[in-house]
Amino acid sequence: MNSSRPWFCSLPVLAALLAAVGCSSNDDSAAVTVPSPHSAITKLCRNLDKALPRTVDGLGRRDPTPASALTAGWGNPVVILRCGVSRPPKMIDPDVANGKDPDAVAGGVNGVDWLMEKQDDGSNRFTTANRETYVEIRVPGDQDSSTVLVDLAAAIKKTIPEGIAE
């Protein structure tokens, strides 16, 4: 400390440093955009939220921010679920339906149909098909997505009826 300055001149700097450290967070939960579907879809999504398992692929629940019944998460890095999302453009692409798009694959797991899309960040995005609303799951690229989809299938089948989403 500079002896020509009184000791209390350093207090504002010290206080600011402590405030910054105190406000920092070790919480590395993911931040997501919460979908904004109409009320009937929101009701389906709220029902799904109540039926979701506490663990997925052995990972504990770790919801993203902001908190919403339309989003959920598990683990770290976080597996993210968003309910009431818009239809992905590739869902109507004939190349995907004919197996000609290497970045998008259609298929089903335990009675739930999915469109899988590889993302630029290495993750995989899965979106339900043939359900009254679209549910999206983002799985980190180094994680086995099949167990995630198996663990979520029962809740989706129970709460999101088969049909065509708007």
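Rules used throughout
- Residues numbered from 1 in each chain as written.
- Predicted model: local features only at pLDDT ≥ 70, side-chain atom pairs only at ≥ 80, totals over all residues.
- Heavy atoms only, no water.
- Helix = DSSP H or I, 4+ residues; strand = E, 2+ residues; numbered from the N terminus.
- Buried < 20%, exposed > 50% of the residue type's maximum accessible area, 1.4 Å probe, protein only.
- Contact = heavy atoms within 4.5 Å.
- Areas by Shrake-Rupley, 256 points an atom, 1.4 Å probe, with all protein chains shown as cover.
- Expected span 1.5 Å × (residues − 1).
- Arc of directions from axis to C-beta.
- Pairing = 2+ DSSP bridges.
- Axes fitted to C-alpha atoms, helices over the stretch in contact; angles between N-to-C directions.

## Regarding the overall build of the protein chain
Okay, step 1: For the protein chain, the count of helices and strands is four helices and eight strands.
Okay, step 2: Mapped in sequence order, the helices and strands of the protein chain form the string α-α-β-β-β-β-α-β-β-β-β-α.
Okay, step 3: Within the span of the protein chain, comprising 166 residues, buried residues form 37% of the whole.
Okay, step 4: Put simply, of all contacts in the protein chain between residues at least 6 apart along the chain, 55% involve residues at least 24 apart.
Okay, step 5: Within the structure as shown, the protein chain displays about 9,500 Å² of accessible surface, and the carbon and sulfur contribution to it stands at 53%.

## Looking at the side chain of Thr133
Okay, step 1: Mapped onto the fold, Thr133 is located in the loop between β7 (124–129) and β8 (134–139).
Okay, step 2: Once residues within four sequence positions are removed from consideration, Thr133 is found in contact with Ile41, Leu44, Cys45, Cys83, Gly84, Thr128, Ile160 and Ala165.

## Describing helix α2 (residues 39–51)
Okay, step 1: In this model, α2 (13 residues) spans 19 Å end to end at C-alpha, consistent with the 18 Å of a helix rising 1.5 Å per residue.
Okay, step 2: Buried within α2 are the following residues: Ile41, Thr42, Leu44, Cys45 and Leu48. One side of α2 carries all its buried residues, which in axial view fall inside an arc of 160 degrees. Turned more than 90 degrees off the buried face of α2, the exposed positions are Ser39, Lys43 and Lys50.
Okay, step 3: Tucked inside the fold, the buried residues of α2 contact β4 (79–85), β8 and α4 (145–159).

## Details of the sheet that holds strand β6 (residues 112–118)
Okay, step 1: Pairing is antiparallel in the open sheet, where six strands are placed in the order β3-β4-β8-β7-β6-β5. The open sheet terminates on both sides in strands that have one partner only, identified here as β3 (71–74) and β5 (104–109). Strand-to-strand twist of the sheet, defined as the mean angle between neighbouring strand axes without regard to direction, takes the value 20 degrees.
Okay, step 2: Sheet analysis places β4 next to β8, joined by five bridges and oriented antiparallel. Paired with Arg82 across the bridge in β8 is Glu136.
Okay, step 3: Relative to β4, α2 is tilted by about 150 degrees, and along the sheet it contacts β3, β4 and β8.

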